[in-house]
Amino acid sequence: MPLEFIVSACLAGFPCAYDGRPRERASVRRLLEEGRALAACPECLGGLAVPRVPAEIYGGPGSAVWQGKARVLDREGRDVTAYFCRGAELFLAIAQTLGIKKAILKSRSPSCGCGFIYDGTFSGKLRPGDGVAAALLRARGFVLWTEHDWESEAGEL
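Naming follows an unreviewed UniProt entry, where the protein chain appears as DUF523 domain-containing protein of Ammonifex thiophilus.

Next comes the structure, spelled out in structure tokens:
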């Protein structure tokens, strides 16, 4: 069976989230076990360590990062934009090399968030928009799901 999806590695059970913990979802892990998905973490691909200081996009969504109108800052004020962009580009390159055009991504993440991300204030508030990797994938025509969307729609696909 050919690979159909690239998925956020944390959703597949890998301990790569900022706090070093997985965010495993059984439905995503099953796709990996069936050979239908490849797991990767854009933040790790970009060179960030695990664990790491949490980061949020300041100044707009992921699409604004690509336009140079927003930055990714960690909670200590360090600019980590370059890591997020490099990781997103590698995540995209992996998917394209393998002919993958669908992704299941971690909701609210500054890399993988689809539809809503944290607002850049570290207050827990959300705003509309995609993370850096999700924005790049969406711009390249990928079909995107969060883990929540995927679980509610998986039976229909």
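Read on for the rest.
Scanning the protein chain from terminus to terminus reveals six helices and eight strands. Along its sequence from the N terminus, the protein chain presents helices and strands in the succession β-α-β-α-β-α-β-α-β-β-β-α-β-α. Taking 157 residues into account, the globule formula puts the C-alpha radius of gyration at 15 Å, and the protein chain, at 14 Å, falls close to it. If one aligns the C-alpha atoms of the protein chain with their principal axes, the spans along those axes are about 45 × 30 × 25 Å. When the accessible area of the protein chain is evaluated, it comes to approximately 7500 Å², of which 53% is carbon and sulfur surface.

In terms of burial, helix H5 (residues 132-139) is largely enclosed, as six of its eight residues are buried. Note on H5: the residue one or two positions beyond its end, Gly141, has a positive phi of about 90°.

Another point: the nonpolar core. Counting 29 residues, the largest nonpolar core has Val72, Leu105, Val132, Leu137 and Leu144 as the members making the most contacts within it. At the level of elements, strand E3 (55-58), helix H3 (62-66), helix H4 (81-97), strand E5 (102-105) and H5 are the ones that each hand at least two residues to this core. Counting residues per element, this core draws most heavily on H4, at six residues. Ignoring any residue separated from it by four or fewer positions in sequence, one finds Val72 in contact with Ala55, Glu56, Ile57, Val65, Arg78, Asp79, Val80, Thr81, Phe84 and Val132.

All right, on to the packing of aromatic side chains then. This model, assessed by the stated rule, comprises three aromatic pairs. Measuring from centroid to centroid gives 5.1 Å for Phe5 and Trp150, while their planes differ by 70°, and the two rings are edge-to-face. Placement of Phe5 in strand E1 (residues 5-8) and of Trp150 in helix H6 (residues 147-153) is noted, with a sequence separation of 145 residues between them. For the pair formed by Phe5 and Trp150, the shared burial category is buried. One aromatic cluster is present, built from ring pairs that chain together Phe5, Trp145 and Trp150.

Take the environment of Leu144 next. Here Leu144 shows up in strand E8 (residues 143-146). For the pair formed by Leu144 and Ala103, sequence separation is 41 residues and the distance between their alpha carbons is 5.0 Å. The contact partners of Leu144, leaving out residues within four places of it in the chain, are Ala103, Leu105, Cys114, Ala134, Leu137 and Arg138.

Spatially, four strands are ordered E2-E1-E5-E8 in an open sheet, and the strand pairing comes out parallel. The open sheet has two edge strands, strand E2 (37-40) and E8, and neither has a second partner. The average undirected angle you get between the axes of adjacent strands in this sheet is 20°. Note: E5 against E8, four bridges, orientation parallel. By the bridge assignment, Ile104 is partnered in E8 with Trp145.

Moving on: the pattern of salt bridges. Within the structure shown, the criterion is met by eleven salt bridges. Arg23 is the partner of Asp19 in a salt bridge, and the nearest nitrogen-oxygen pair spans 3.0 Å. Between Asp79 and Arg71 there is a salt bridge, with its nearest N and O atoms 2.8 Å apart. Classification of Arg71 as partly exposed rests on a relative accessible area of 39%. Overlapping salt bridges, with partners in common, bring together Glu4, Glu34 and Arg36 in one network.

Rules behind the numbers
- Residues numbered from 1 in each chain as written.
- Predicted model: local features only at pLDDT ≥ 70, side-chain atom pairs only at ≥ 80, totals over all residues.
- Heavy atoms only, no water.
- Helix = DSSP H or I, 4+ residues; strand = E, 2+ residues; numbered from the N terminus.
- Rg over C-alpha atoms; globule rule 2.2 N^0.38 Å.
- Areas by Shrake-Rupley, 256 points an atom, 1.4 Å probe, with all protein chains shown as cover.
- Buried < 20%, exposed > 50% of the residue type's maximum accessible area, 1.4 Å probe, protein only.
- Core = buried A, V, L, I, M, F, W, Y, C linked by side-chain atoms within 4.5 Å.
- Contact = heavy atoms within 4.5 Å.
- Phe/Tyr/Trp six-rings, centres within 6.5 Å; stacked < 30°, edge-to-face > 60°.
- Pairing = 2+ DSSP bridges.
- Axes fitted to C-alpha atoms, helices over the stretch in contact; angles between N-to-C directions.
- Salt bridge = Lys/Arg side-chain N within 4 Å of Asp/Glu carboxyl O.

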